[in-house]
Amino acid sequence: MATSAVQATPTGSGREVAVRIGAQVLVETLRRLGVTAIFGHPGGAALPIYDALYDARDIAHVLVRHEQVAAHAAVGYARATGRVGVCLATSGPGATNLVTGLTDAYMDSIPVVAITAQVPTAVIGRDAFQEADIIGLTLPITKHSYLVRDPADLPAALTEAFAVAASGRPGPVVVDVPRDVSQTPLAATRGEPAPSRRAGPRAPHAGQIAAAAALLRDARRPVIYAGGGVISAGASVELTRLVDQTGVPVTVTLMGKGAIDEHHPRCLGMLGMHGTVCANYAVDAADVVLAVGVRFDDRVTGRLRDFAPQARFIHIDIDPAEIGKNKPAHVPIVADARAALGALADALPDPLPLEAWWRQLEEWQARYPLRYRQGDDVIKPQFVCETLARLTGDRAVVVTDVGQHQMWAAQFCRPRAPRTFISSGGLGAMGFGFPAALGAQVARPDATVVALVGDGGFQMTMQDLITAVEWRLPVKVVVLNNGSLGMVRQWQEFFYRQRYSHVFLRNPDFARLAEVFGAQGRSVRRPDEVEAALAWMLAVPDGPCVLDVHVDPQENCLPMIPSGQSVKEMILG
Ligand SMILES: Cc1ncc(C[n+]2csc(CCOP(=O)(O)OP(=O)(O)O)c2C)c(N)n1
């Protein structure tokens with residue numbers, strides 16, 4: 001199987017040319033594309049690629065213990081930086097283990113390239129050992145995929161894959177490389193890959209910008225509804241400028257957290273199922289909604305016909321398929337969010353007359369703050385999130401898993417900058433948090449990266465603590481340990497008459513477990529220990545640590561708009 005790294009082949013002309021195998025061309029191309037880190041796990045069909053990686057000292061290959069972690073880590077890497085995240089898996093089970101992470105990347109529009117090894121071309125379709133049709137399996141959850149049948153095509157396929165993943169509406173791309181393709185010697189590739197045929201950012205239509213500006217100028221109760229597209233487009237500065245100039249209130253989605261400094265006085269926080277009362281009331285009463293980089297997800301809108309029932313919608317999105325998908329737009333603007341928000345800010349240089357609107361909004365903010373009561377005996381999970389936010393000044397990179405803790409983090413952590421709040425939004429994939437934090441920490445070695453996870457979700461991917469130990473990645477894991485699948489328990493309490501079916505967890509001692517892995521660990525059970533424990537955690541200099549916080553097992557995440565209902569049915573708490 002081993003093909004010698006570089007062969008010298010007589011050409012007949014007396015000269016000799018270096019012959020490389022496909023896998024070497026693949027690695028060279030990755031290097032040329034600026035890849036410095038790959039998350040992966042080897043196997044038979046991937047061996048030529050791994051053999052080529054043996055010589056690639058400038059590309060860090062992070063050997064994860066499960067390919068799901070590789071995909072989530074690539075997402076964390078991409079979300080923390082805006083660069084394309086890369087994961088690598090062998091054929092069959094290696095490739096299928098990537099599927100959850102790729103689906104997450106697809107739902108949240110994150111640029112990721114997954115390189116999967118494939119069985120040799122001669123046996124594709126013959127149920128060969130470790131064969132899985134990964135192109136077929138991932139067709140609905142990728143932006144594009146490439147099955148490379150000729151090694152000479154590798155540079156072009158990879159180059160295009162990176163361009164597709166990162167351009168327009170970003171997303172995951174699979175490049176499937178049969179084993180014979182990666183081990184076939186080739187004298188030449190088909191030249192340098194063609195420059196990307198994708199156009200640059202799309203400029204907004206001047207007439208539509210004028211129409212949007214006119215709507216906003218006449219509005220009495222406008223609201224900006226900002227999503228992850230603002231972050232992908234790098235449009236935070238333009239969004240902030242628009243808000244500063246006009247005074248229009250802004251509410252963010254889970255994916256849009258950090259699109260604007262959430263300490264900004266015009267920011268109402270998150271909207272939707274567990275959003276702030278004020279944000280949801282504002283949208284409910286709005287006469288104009290400026291939706292930017294959002295997809296009108298049902299966790300935000302609840303019952304669609306009752307979402308912002310009095311409003312006219314301006315919808316900015318790079319993906320034309322999003323416009324009108326869930327809610328018709330009165331002013332559709334298919335454009336790069338940065339260009340569109342910049343043009344709108346140019347068209348609206350003065351403050352809008354919104355004094356009465358702000359009086360109303362401030363009254364709601366004062367009347368319905370996020371609340372919880374921290375007593376002396378049991379730790380409230382909200383208190384942990386709030387204390388963490390205070391101790392870090394909301395400047396850490398916070399990565400959450402999925403469940404109640406995710407929503408508490410979204411409520412109490414108010415990121416000051418884009419790419420510092422990372423969460424699995426569209427898919428809501430438990431097991432995401434810790435691996436994505438690992439990827440974010442690889443991408444940003446100097447940043448404080450905190451993984452805020454539940455006891456359920458952490459147990460889905462915590463085996464990769466050893467990877468963090470091995471790479472001395474100082475990821476700080478906070479387990480909000482409530483002894484249950486908390487969010488499911490909450491739904492069973494509210495909507496299934498407290499018939500708690502299979503939601504209570506017997507947990508390991510997470511702190512001791514961390515130590516077994518070679519990480520640092522601590523547990524806390526009393527409210528007066530929380531601040532010091534978090535401070536300890538933030539000060540651990542080297543390698544990962546786990547802080548196991550035993551929180552109130554009964555606590556519910558409120559406010560809550562029950563699934564499929566409207567703001568009128570909000571449970572306030
Ligand atoms: C892979 C996966 N399986 C199941 C679910 C359904 N689910 C959503 S939240 C949740 C409970 C999460 O429990 P835990 O991780 O302990 O966090 P908590 O809600 O207690 O904060 C479950 C099972 C999911 N989102 N993802």
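Here, the structure is the one placed above.
Caption draft 1: Geometry of the sheet that holds strand β13 (residues 288–292). In space, the 6 strands of this open sheet follow the order β12-β11-β10-β13-β14-β15, with parallel pairing throughout. Since the sheet does not close on itself, it has two edges, and those belong to β12 (267–270) and β15 (331–334), each with one partner. Here the average twist between neighbouring strands, direction ignored, is 15°. Each of β10 (222–226), β13, β14 (312–317) and β15 touches helix α9 (residues 206–218); the most contacted strand, β15, lies at about 135° to it.

Caption draft 2: Broad picture of empty space enclosed by the protein. Evaluation of the coordinates by the stated rule reveals 3 cavities of 30 Å³ or more. In this structure, the largest cavity occupies an estimated 100 Å³ of space. Contributing to the lining of the largest cavity are N280, V283, D284, V300, T301, D306, F307, A308, I561, Q565, S566 and V567. Secondary structure elements with two or more residues in the lining of the largest cavity: α12 (277–285) and α13 (298–301). Sorting elements by how many residues they give to the lining of the largest cavity places α12 first, with 3 residues.

Caption draft 3: Examining the pairing of strand β3 (residues 37–41) more closely. Summarising burial for β3: 4 of the 5 residues are buried, a large majority. Note: β3 against strand β4 (residues 60–63), 4 bridges, orientation parallel. Bridge pairing links G40 to L63 in β4. In this fold, β3 hands off to helix α2 (residues 47–53), which returns the chain to β4; that crossover is right-handed.

Caption draft 4: Just the site of the ligand, in detail. Q404, H405, G428, G457 and G486 are the nearest of the 17 residues found near the ligand. A distance of 2.8 Å is found between an oxygen atom of the ligand and a side-chain nitrogen or oxygen belonging to H405. Between G428 and the ligand, the recorded distance is 2.8 Å, taken from a backbone N or O atom to a nitrogen atom. Considered on its own, the ligand offers 580 Å² of accessible surface; in the complex 76% of this is hidden by protein. At the level of elements, α17 (404–412), α19 (455–461) and α21 (486–495) are the ones that each hand at least two residues to the shell around the ligand. It is α19 that provides the largest number of residues to the shell around the ligand, a total of 4 residues. Taken together, the residues of the shell around the ligand sort by class into 6 nonpolar, 10 polar and 1 charged.

Caption draft 5: Quick look at the packing of aromatic side chains. Considering all chains together, one arrives at 15 aromatic pairs under this definition. On the numbers, 5.4 Å between centres and 75° between planes, the contact of Y281 with W364 is edge-to-face. Of this pair, Y281 sits in helix α12 while W364 sits in helix α15 (residues 355–367), placing them 83 residues apart in sequence. You can call W364 buried: its relative accessible area is 12%. With a centroid separation of 5.6 Å and 70° between ring planes, the pair formed by F296 and F313 is classed as edge-to-face. Of this pair, F296 sits in the loop between β13 and α13 while F313 is found in strand β14, placing the two residues 17 residues apart along the sequence. You'll find F296 and F313 in the same group, each marked buried.

Caption draft 6: Region of the structure containing the environment of V300. One can find V300 in helix α13. Leaving out residues up to four positions away in the same chain, V300 has contacts with Y225, T253, L271, G272 and F307.

Caption draft 7: Representation of the layout of surface pockets in the model. Size it by volume and the second largest pocket reaches roughly 850 Å³. Every residue lining the second largest pocket is counted, 39 residues in all, and those nearest its centre are P369, L370, R371, Q411 and F412. Examining the composition of the lining of the second largest pocket, we find that 6 residues originate from one element, helix α16 (residues 381–392), more than from any other. Taken together, the residues of the lining of the second largest pocket sort by class into 16 nonpolar, 12 polar and 11 charged.

Caption draft 8: Representation of the pattern of salt bridges. Under the criterion given, the structure shown has 22 salt bridges. Here E569 makes a salt bridge to R303, at a shortest N to O gap of 3.5 Å. Taken together, the residues span a long stretch of sequence, with E569 in the segment after β21 (545–550) and R303 in the loop between α13 and β14 at a distance of 266 residues. The partly exposed category is assigned to E569, whose relative accessible area is 31%. One salt-bridge network, in which partners are shared between bridges, spans R169, D319, E322 and K325.

Rules used in this analysis
- Residues numbered from 1 in each chain as written.
- Predicted model: local features only at pLDDT ≥ 70, side-chain atom pairs only at ≥ 80, totals over all residues.
- Heavy atoms only, no water.
- Pairing = 2+ DSSP bridges.
- Helix = DSSP H or I, 4+ residues; strand = E, 2+ residues; numbered from the N terminus.
- Axes fitted to C-alpha atoms, helices over the stretch in contact; angles between N-to-C directions.
- Contact = heavy atoms within 4.5 Å.
- 1 Å grid on protein atoms, 1.4 Å probe; cavity = no way out; pocket = protein on both sides within 12 Å on 5 of 7 lines; lining within 4 Å.
- Points joined across faces, edges and corners; volume = space filled by probe spheres on them.
- Buried < 20%, exposed > 50% of the residue type's maximum accessible area, 1.4 Å probe, protein only.
- Right-handed = clockwise from strand over helix to strand, strands pointing away.
- Near = heavy atom within 4 Å.
- Polar contact = N/O pair within 3.5 Å; in protein donor to acceptor, adjacent residues only side chain to side chain.
- Areas by Shrake-Rupley, 256 points an atom, 1.4 Å probe, with all protein chains shown as cover.
- Nonpolar A, V, L, I, M, F, W, Y, C, P; charged D, E, K, R; others polar.
- Phe/Tyr/Trp six-rings, centres within 6.5 Å; stacked < 30°, edge-to-face > 60°.
- Salt bridge = Lys/Arg side-chain N within 4 Å of Asp/Glu carboxyl O.

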